[in-house]
There are 2 protein chains.
Amino acid sequence: MSSNRQWPVPADEQSTVGKLGESGLLARILPRLRGAQALLGPGDDAAMIGAPDGRFVFSVDTLVQDQDFRLTWASGYSSSGYDVGWKSAAQNLSDINAMGAVATAAVISLTLPHETPVGWVEDLADGFSAAVRELGAMRCAIAGGDLGRGREISITAAVTGDLAGAAPLLRSGARPGDVVAVCGILGAGAAGLALLESSRGPGGWNEQEARLVGLQARPRPPLAAGPAAAAAGATAMMDLSDGLGRDGARLAAASGVVLALESAALAPDALALEPVAGGLGVEALTWVLGGGEDHGLLATFGRDVELPSGFRQIGDVVAGTAGGCTIDGAPLGAFLGYDHFGG
Amino acid sequence: MSSNRQWPVPADEQSTVGKLGESGLLARILPRLRGAQALLGPGDDAAMIGAPDGRFVFSVDTLVQDQDFRLTWASGYSSSGYDVGWKSAAQNLSDINAMGAVATAAVISLTLPHETPVGWVEDLADGFSAAVRELGAMRCAIAGGDLGRGREISITAAVTGDLAGAAPLLRSGARPGDVVAVCGILGAGAAGLALLESSRGPGGWNEQEARLVGLQARPRPPLAAGPAAAAAGATAMMDLSDGLGRDGARLAAASGVVLALESAALAPDALALEPVAGGLGVEALTWVLGGGEDHGLLATFGRDVELPSGFRQIGDVVAGTAGGCTIDGAPLGAFLGYDHFGG
């Protein structure tokens, strides 16, 4: 099955992008990039996309080999092209979701070493398309792209979205008295990453462990929840990509408030991860508070609002000039988060 | 002057992106990314851009170190961050121009090795902003981006544009009887590239040679000409990024016609490059027909149309199922063009 082809690939699939060439590769992957119909799709210098309410939201994100994924992990797991394509789509669709919008188009730029197997790139296209479809981005066209050569694999997607006339949800709208809520799984991305980087191989993973690696490799942002939060009148929202602690501190700083989180509200998340965390000698709550790549939503709502389906309260917005988050009243700090340059 | 800082940089600027960290680097470059005002700019998970006529055009392009630019060329010339930022903006704005549209927003994803000097990245932001301004993309916001680490420098920009209600100009609209026209300089990008890759250093370049290298490093797409061609009723258009031969063959194939070019119309372009070509033992016409990265426009117009300012006729559209271009009636072939994977 094409979705499981790994690197290295069997001898009969050893055709590489260097051997096939740019136009040959395009002919192989374009038919696999299936999404909604754009007003004008690939084939010209730019695509054309509808923006029914006269505006659109616009974001970009990149995955780089050995930084954001590994072809082969310490555990022996190999990231398939399907995994990488899925993750690129998921993280970009999540940014649109975080504004309360519905994705309308993606363009993709791929940088590939000469020796990249063509089958791996086909799987990447399949994974990207599958994420768009299976995550429910039914209005999202895969509208164009760019192909080039490099020493490492890199995939950048830029995505646009439609707010259907609604105001965009910003990070800066949280007000003291609001409730803090999340939608989606917390800590699965970090748990999956720890398993990928552990010495125990995929053959030794139990059902829960395999599921957590699956969520790390192919995150599942809750794409219905962003527009639902907007409709319910959320006051602020963002995507949980770098972990609750760090992302929460960003939302708090943008709003000029403090997010007072309660460990009791997060205990079920931690409890669910305990069996895996214990085996790796990790405190499960550090995954819940500090782990990235879950791509759930962090949002704040007025106290009188009924939280939309999928959201649950994890704390309260309180006044405070220090910014940041507290957990049971103690500073959480941004140290749990992730900085791409280690600074 | 910041626009001339090179790599390696002086000791007092040796602060690297690895030392500064992601948020520190963002704080240094965001103020330098000045364009038009977006409805909502950087700081949230996505920007918000206006689309007054209810649709927008959308494109993406990437520059990768050692593929699309070199930090140090055979000639000894060092590509500044300013050069690379300018070129990224120029090639992306050119794609929007080629549709007959006016750029409205750009988002930028930067992949940087740890050791990249911060000053080099600041120059890149300056060069991107300067190109947007100096090339005349006055409605283009620099609306957001993404920062990450990698083994090589890579910059991807995605750009959107506004057609102001007009139909997009496609590659597929050329009809037998139309005239073939170009706007902009032909062959300068290739001449500049040959100089960069020659053994003779920048100190030995005469005024013309320095100007050609300047056009290679900082291309100048004619951004007023795209919308003007649309207004004049061009039947087809595209950006000249991979050379007249290869791009012309693409337009011919998309339209199901042949582009019959005349060498007499291109002779002045070749003649102007002769002094430089002769010194390098090159036939100047190969630069004019085969050289990429000029980012002028190739367009077709009805025979009764007065060509807009900047366009000049170089041939005629004729019927033919073979596709491609001819020069004085002989097949030009696509072999002059450029394939990223050498296929």
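Treat the numbers as computed from the prediction; the structure is a model and nothing was measured.

Enquirer: What is the right way to read the UniProt feature "domain: PurM-like C-terminal" (unreviewed entry) in chain A from this model?
Expert: Within this structure's numbering, the places UniProt gives as "domain: PurM-like C-terminal" (unreviewed entry) are residues 175-264 of chain A. What you have in residues 175-264 of chain A is 47% helix and 16% strand, and the ends, taken at the C-alpha atoms, are 23 Å apart.

Enquirer: What's the story with the sheet that holds strand β2 (residues 55-64) of chain B in this structure? I'm lost.
Expert: The strands that make up a sheet pair up through hydrogen bonds in the backbone, lying either parallel or antiparallel. Read from one edge to the other, the open sheet built from five strands follows the order β1(A)-β2(B)-β5(B)-β3(B)-β4(B), with strand pairing classed as mixed. Looking at the sheet topology across the chains shown, the edges are occupied by β1 (47-50) of chain A together with β4 (141-149) of chain B. Pairwise comparison of adjacent strand axes, ignoring direction, gives a mean angle of 20° for this sheet. As judged from the four bridges shared by β1 of chain A and β2 of chain B, these two strands associate in the antiparallel manner. Bridge assignment links A47 of chain A to a residue of β2 of chain B, and that residue is F58 of chain B. In this fold helix α2 (residues 22-29) of chain B packs onto β3 (102-112) and β4 of chain B, with an angle of close to 150° to the strand it touches most, β4 of chain B. Across the sheet, helix α4 (residues 118-134) of chain B touches β3, β4 and β5 (154-162) of chain B, and the angle it forms with β3 of chain B is around 165°.

Enquirer: Quick question: what am I supposed to make of the sheet that holds strand β6 (residues 179-183) of chain A here?
Expert: Residue and element names in this part refer to chain A. One open sheet holds the seven strands; their spatial order is β7-β9-β6-β10-β8-β11-β12, and the pairing between them is mixed. What marks the edges here is a single partner per strand, and that holds for β7 (236-240) and β12 (330-331). Pairing of strand β11 (residues 325-327) with β12, which is carried by two bridges, proceeds in the antiparallel orientation. For T326, the partnering residue across the bridge sits in β12 and is P331. Running at roughly 170° to β7, helix α3 (residues 81-98) makes contact with β7 and β9 (296-301) of the sheet.

Enquirer: Sorry, what's going on with the relation of the copies chain B and chain A here?
Expert: The two chain copies are connected by a rotation around an axis plus a translation along it. Take chain B, turn it by 180°, move it 0.0 Å along the axis, and it overlays chain A with an RMSD of 0.0 Å. The transformation just described matches what one would write down for a two-fold rotation axis. Ranked by how close their C-alpha atoms come to the rotation axis, the residues of chain B are headed by G54 of chain B, at 2.3 Å.

Enquirer: It is not clear to me how the side chain of D247 of chain A should be interpreted in this structure. Could you clarify?
Expert: Residues and elements named next belong to chain A. Turning to its location among the elements, D247 is positioned in helix α8 (residues 244-255). With a relative accessible area of 0%, D247 lands in the buried category. Side-chain polar atoms of D247 contact the backbone nitrogen of S241, separated by 2.9 Å. With residues up to four places along the chain from it excluded, the contact list for D247 reads M238, D239, L240, S241, D242 and L298.

Enquirer: What exactly am I supposed to notice about the domain arrangement of chain A here?
Expert: A common way to report how large an interface is uses the accessible area buried once the components associate. All names here are of chain A. For chain A, the assigned domains are domain 1 (2-162) and domain 2 (171-331). Once you take the C-alpha centre of each, domain 1 and domain 2 turn out to be 26 Å apart. Facing the 27 residues of domain 1 at the interface are 28 residues of domain 2. Both sides together, the interface formed by domain 1 and domain 2 hides about 2,100 Å², and carbon and sulfur atoms give 58% of it. Summed over the three residues of domain 1 that lose the most area to domain 2, namely S75, K87 and N97, the buried surface amounts to 27% of that side. Between E293 and K87 there is a salt bridge whose closest N-O contact spans 3.1 Å. Counting across the domain 1 and domain 2 interface gives ten residue pairs in polar contact (both at pLDDT 80 or more). The biggest single contributor to the side of domain 1 that touches domain 2 is α3, with eleven residues. Split into classes, the residues belonging to the side of domain 1 that touches domain 2 amount to twelve nonpolar, nine polar and six charged.

Enquirer: What is the right way to read the pattern of salt bridges from this model?
Expert: A side chain of one charge can pair with a side chain of the opposite charge when the charged atoms of the two come close. All names here are of chain B. Considering all chains together, one arrives at 28 salt bridges over all chains under this definition. Across the pair D126 and R32 runs a salt bridge whose closest N-O atoms are separated by 2.7 Å. Note that D126 is positioned in helix α4 and R32 in the loop between α2 and β1 (47-50), a separation of 94 residues in sequence. Assessed through its relative accessible area of 22%, R32 is described here as partly exposed. R218 is paired through a salt bridge with D83; the nearest N and O atoms lie 2.7 Å apart. Here D83 lies in helix α3 (residues 81-98) and R218 lies in the loop between α6 (207-217) and α7 (225-232), a separation of 135 residues in the sequence. For R218, a relative accessible area of 24% corresponds to the partly exposed category.

Cut-offs used in this document
- Residues numbered from 1 in each chain as written.
- Chains lettered and ligands numbered in written order.
- Predicted model: local features only at pLDDT ≥ 70, side-chain atom pairs only at ≥ 80, totals over all residues.
- Heavy atoms only, no water.
- UniProt positions renumbered as here; feature names shortened; annotations may be inferred.
- Helix = DSSP H or I, 4+ residues; strand = E, 2+ residues; numbered from the N terminus.
- Pairing = 2+ DSSP bridges.
- Axes fitted to C-alpha atoms, helices over the stretch in contact; angles between N-to-C directions.
- Contact = heavy atoms within 4.5 Å.
- Least-squares fit on C-alpha atoms with pLDDT ≥ 70 in both.
- Buried < 20%, exposed > 50% of the residue type's maximum accessible area, 1.4 Å probe, protein only.
- Polar contact = N/O pair within 3.5 Å; in protein donor to acceptor, adjacent residues only side chain to side chain.
- Domains from an automatic or database assignment.
- Buried area = accessible area lost by both parts, 1.4 Å probe.
- Salt bridge = Lys/Arg side-chain N within 4 Å of Asp/Glu carboxyl O.
- Nonpolar A, V, L, I, M, F, W, Y, C, P; charged D, E, K, R; others polar.

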